[in-house]
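Per-entry structural report
Here are the chains, one letter per residue:
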Amino acid sequence: VQLQASGGGLVQAGGSLRLSCAASGRTFSSYSMGWFRQAPGKEREFVAGISWRGGSTYYANSVKGRFTISRDNAKNTVYLQMNSLKPEDTAVYYCAANLRLVGTTPDDNDYWGQGTLVTVSS
């Protein structure tokens with residue numbers, strides 16, 4: 001599967017953004033999907049994940065209650081709605097996929113999008 005992330009940009013603290021990750025291929029509904037982020041000088045970290053049918057979602061503690069992950073298997077797309085953004089959310093955001101359970105570490109995932117930059121100004 002090939003992944004294409006989009007939707008990043010510059011936003012003020014307290015604002016919102018919605019990221020999208022479009023997948024190629026007809027087997028998208030078989031993949032667990034996740035969002036990760038990487039800030040300058042830091043390791044890539046898990047943000048949110050969703051099971052293949054969308055019945056289970058997982059969040060990092062730092063974004064719980066502010067971010068929502070969802071998917072539309074008919075559109076081969078996974079979304080990350082980000083509300084109440086903070087400067088510490090600034091990072092390149094990556095979508096990821098694997099054919100197993102939701103992966104909360106980078107090594108758990110087999111496919112990656114190219115990343116989209118989110119910058120939150122204070």
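See the structure above.
Scope of this entry: the structure provided in the associated data block. None of these values were measured; they are calculated from a predicted model.

1. Brief notes about the overall build of the protein
A count of helices and strands for the protein gives zero helices and 11 strands. Moving toward the C terminus, one meets the helices and strands of the protein in the order β-β-β-β-β-β-β-β-β-β-β. Against the compact-globule benchmark of 14 Å for 122 residues, the protein has a radius of gyration of 13 Å, which places it among compact chains. Projected onto the principal axes, the alpha-carbon positions of the protein cover approximately 40 × 25 × 25 Å. Of all 122 residues assigned to the protein, the portion counted as buried reaches 43%. Charged side chains of the protein number 12 positive and 8 negative; the gap between the two group centres comes to 8 Å.

2. Considerations on the pairing of strand β11 (residues 116-121)
Burial along β11 is one-sided: T116, V118 and V120 are buried, and none of L117, T119 and S121, which face the opposite way, are. Across four bridges, the pairing between strand β2 (residues 9-12) and β11 is parallel. Its bridge partner being in β11, G9 is matched across the sheet by V118. Of the strand pairs in this sheet, strand β9 (residues 91-98) and β11 are connected by three bridges, and their pairing is antiparallel. Bridge pairing in β11 places V92 opposite L117.

3. Notes on the packing of aromatic side chains
For the coordinates displayed, the defined rule picks out four aromatic pairs. An angle of 80° between the planes, with centres 5.8 Å apart, marks the rings of Y31 and Y111 as edge-to-face. One end of the pair, Y31, is in the loop between β3 (17-23) and β4 (32-38); the other, Y111, is in strand β10 (residues 111-112), and 80 residues separate them in sequence. Geometrically, the ring pair formed by Y94 and W112 is edge-to-face, given 6.5 Å between the ring centres and 80° between the ring planes. In this pair, Y94 is assigned in strand β9 and W112 in strand β10, connecting sequence segments 18 residues apart. A relative accessible area of 14% means that Y94 is categorised as buried. Judged by relative accessible area, which is 27%, W112 ranks as partly exposed. Here the aromatic residues F36, F46, Y94 and W112 are joined through ring pairs into a cluster of three or more. Positioned above the aromatic ring of W112 is the side chain of R44, whose terminal nitrogen or guanidinium carbon lies 4.8 Å from the ring centre. In this structure, R71 packs its charged tip against the face of F28, placed 4.5 Å from the ring centre.

4. Observations regarding the state of the cysteines
In total, this model carries one disulfide according to the counting rule given. The residue that forms a disulfide with C21 is C95, at a sulfur-sulfur distance of 2.1 Å. On the S-S bond that ties C21 to C95, the torsion sits near 65°, and the link is right-handed. You can see C21 sitting in strand β3 and its partner C95 sitting in strand β9, a full 74 residues away along the chain. Look at C21 and you get buried, because its relative accessible area is 0%.

What counts and what doesn't
Residues numbered from 1 in each chain as written. Predicted model: local features only at pLDDT ≥ 70, side-chain atom pairs only at ≥ 80, totals over all residues. Heavy atoms only, no water. Helix = DSSP H or I, 4+ residues; strand = E, 2+ residues; numbered from the N terminus. Rg over C-alpha atoms; globule rule 2.2 N^0.38 Å. Buried < 20%, exposed > 50% of the residue type's maximum accessible area, 1.4 Å probe, protein only. Lys, Arg positive; Asp, Glu negative; His and termini not counted. Charge placed at Lys NZ, Arg CZ, Asp CG, Glu CD. Pairing = 2+ DSSP bridges. Phe/Tyr/Trp six-rings, centres within 6.5 Å; stacked < 30°, edge-to-face > 60°. Lys NZ or Arg CZ within 6 Å of the ring centre and 35° of its normal. Disulfide = S-S within 2.5 Å.

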